[in-house]
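Next come the chains, spelled out residue by residue.
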Amino acid sequence: MHREFARDFKSLTAIYEFAESILAANDIGKAVRFPVHLAMEELFTNMVKYNPDAEGEIGVDVVVDGGAVTVTLTEVDVDEFDVTQPRDVDTSASLAERTPGGLGLFLLQNIVDKLEYDYHDRRSRVIFTKGSG
Amino acid sequence: MFEIGYGSDGNIMCSGRLDAAQCAKALSFMDEIAETRTLDFSGLEYISSAGLGILLKTQKRLAESGAALKITNVNNHIYDVFRYSGFNSIFDIKAKE
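The model shown is predicted, which means the values in this text are computed figures rather than measured ones.

Caption draft 1: Region of the structure containing the overall build of chain B. Counting secondary structure elements, chain B contains 3 helices and 5 strands. From first element to last, N terminus to C terminus, chain B shows the α and β order β-β-α-β-α-β-α-β. Against the 2.2 N^0.38 benchmark of 13 Å for 97 residues, chain B shows a C-alpha radius of gyration of 12 Å, consistent with a compact globule. Principal axes of the C-alpha set define a box for chain B whose edges measure 30 × 25 × 25 Å. Of all 97 residues assigned to chain B, the portion counted as buried reaches 39%.

Caption draft 2: Region of the structure containing the sheet that holds strand β5 (residues 123-130) of chain A. Residue and element names in this part refer to chain A. Strand order in the open sheet formed by 5 strands is β1-β2-β3-β5-β4, with antiparallel pairing between adjacent strands. Looking at strand neighbours, the two that pair on one side only are β1 (2-5) and β4 (114-120), the edges of this open sheet. Across the sheet, the axes of successive neighbouring strands diverge by a mean angle of 15°, strand direction being ignored. Two elements, β1 and strand β2 (residues 58-65), share 4 bridges in a ladder whose sense is antiparallel. The residue bridging arginine 3 from the neighbouring strand is valine 60, located in β2.

Caption draft 3: Representation of the packing of helix α1 (residues 23-30) of chain B against helix α2 (residues 49-63) of chain B within the structure. Residue and element names in this part refer to chain B. The contact between α1 and α2 brings their axes to 10 Å, and the two run at 15°. Relative to α2, the element α1 is oriented roughly parallel. Every pair of crossing elements has a handedness; the one defined by α1 and α2 is right-handed. Here Cys23, Ala26, Leu27 and Met30 of α1 lie close against α2, whose contacting residues are Ala50, Gly51, Ile54 and Thr58.

Caption draft 4: Up close: helix α3 (residues 76-85) of chain B. Of all the positions in α3 of chain B, only Ile78, Val81, Phe82 and Ser85 of chain B are classed as buried. For α3 of chain B, the arc enclosing every buried residue in end-on projection is 100°, short of the 170-degree limit, so these residues lie on one face. On the buried face of α3 of chain B, the contacting elements are α3 (104-111) of chain A together with β3 (37-47), α2, β4 (69-74) and β5 (92-95) of chain B. With its phi angle positive at about 80°, glycine 86 of chain B sits one or two positions after the end of α3 of chain B.

Caption draft 5: Summary view of the environment of valine 63 of chain A. Inspection of the secondary structure puts valine 63 of chain A in strand β2. Remark: the alpha-carbon pair of valine 63 of chain A and proline 52 of chain A, spanning 11 residues in sequence, is separated by 28 Å.

Caption draft 6: Up close: the sheet that holds strand β1 (residues 2-6) of chain B. Residue and element names in this part refer to chain B. In space, the 5 strands of this open sheet follow the order β1-β2-β3-β4-β5, with mixed pairing throughout. Unpaired on one side and paired on the other, β1 and β5 mark the two borders of the sheet. Each strand of the sheet is rotated relative to its neighbour by a mean of 20°, with strand direction disregarded. Here 5 bridges tie β1 to strand β2 (residues 12-18), and the two strands are oriented antiparallel to one another. The residue bridging phenylalanine 2 from the neighbouring strand is glycine 16, located in β2. Lying over the sheet, α3 contacts β3, β4 and β5, oriented at roughly 110° with respect to β3.

Caption draft 7: Highlighting the interface of chain B and chain A. Between chain B and chain A, the contact holds 21 residues from the first and 21 residues from the second. For the side of chain B that touches chain A, the secondary-structure elements that each account for two or more residues are α2 and α3 of chain B. Of all the elements, α2 of chain B adds the most residues to the side of chain B that touches chain A, at 9 residues. For the side of chain B that touches chain A, a count of residues per class yields 10 nonpolar, 8 polar and 3 charged.

Caption draft 8: Inspection of the pairing of β3 of chain B at higher detail. All names here are of chain B. The sheet contact formed by β2 and β3 spans 6 bridges and is parallel. Residue pairing for β3: arginine 17 is matched across the bridge by tyrosine 46. Taken together, β2, α1 and β3 form a β-α-β motif whose crossover is right-handed. With 4 bridges connecting them, β3 and β4 associate as parallel partners. Counterpart to aspartate 40 in the pairing with β4 is threonine 72.

Scoring rules and cut-offs
- Residues numbered from 1 in each chain as written.
- Chains lettered and ligands numbered in written order.
- Predicted model: local features only at pLDDT ≥ 70, side-chain atom pairs only at ≥ 80, totals over all residues.
- Helix = DSSP H or I, 4+ residues; strand = E, 2+ residues; numbered from the N terminus.
- Rg over C-alpha atoms; globule rule 2.2 N^0.38 Å.
- Buried ≥ 20, exposed ≤ 12 C-beta atoms within 10 Å, placed from the backbone.
- Pairing = 2+ DSSP bridges.
- Axes fitted to C-alpha atoms, helices over the stretch in contact; angles between N-to-C directions.
- Parallel < 35°, antiparallel > 145°, perpendicular 65-115°, else oblique.
- Left-handed = near helix turned anticlockwise from the far one by under 90°.
- Contact = placed C-beta atoms within 7 Å.
- Arc of directions from axis to C-beta.
- Nonpolar A, V, L, I, M, F, W, Y, C, P; charged D, E, K, R; others polar.
- Right-handed = clockwise from strand over helix to strand, strands pointing away.

As far as function goes, none of this settles anything; it's purely spatial.
As structure tokens, then:
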């Protein structure tokens, strides 16, 4: 299933409802649904924040194969930003040492089973999979 | 949908989904907290890194006056997010029973 969403945080509810309808229809349990929704939000908000001048909508594809959920987010006419690169986050830092922000992609990389990034002709595509097929 | 408000026991009741689109609402409420309070997450289904940022910002502000946020009734999915982020070492967190 494919849909396009406006580059706005306000799209998050519609994205959630779009994915949830597919996951529920395929009897995907909460142990997979929660991280799928979280990964989708972290990627979508990252695209909105770091490509503010991009004008096109963001495409979202959700495919269920057995118990595995594969989601692809696509945006065009954007700069390269490889979300698979390791994020340096010190999760043992004290409260005083911490600053808000920077956790999104770190969480993403920890909760999905597979994460791929493809960039060519100014088209950015992120594909993640959660769950076993 | 995300809702936040005081319960009859003085705890702060959170429910729904705390995503990036709801952070302004959450922060507006949190900015009024000036003493140690317990957040009751029994109705909270979901939180993202944007919501974690609100919690961290509030915890750091309260720490300057010796106060703190405590969090109770956390579902196992949200607890995992706290654990991955290391928030279980900077917040007093109790899982939902």
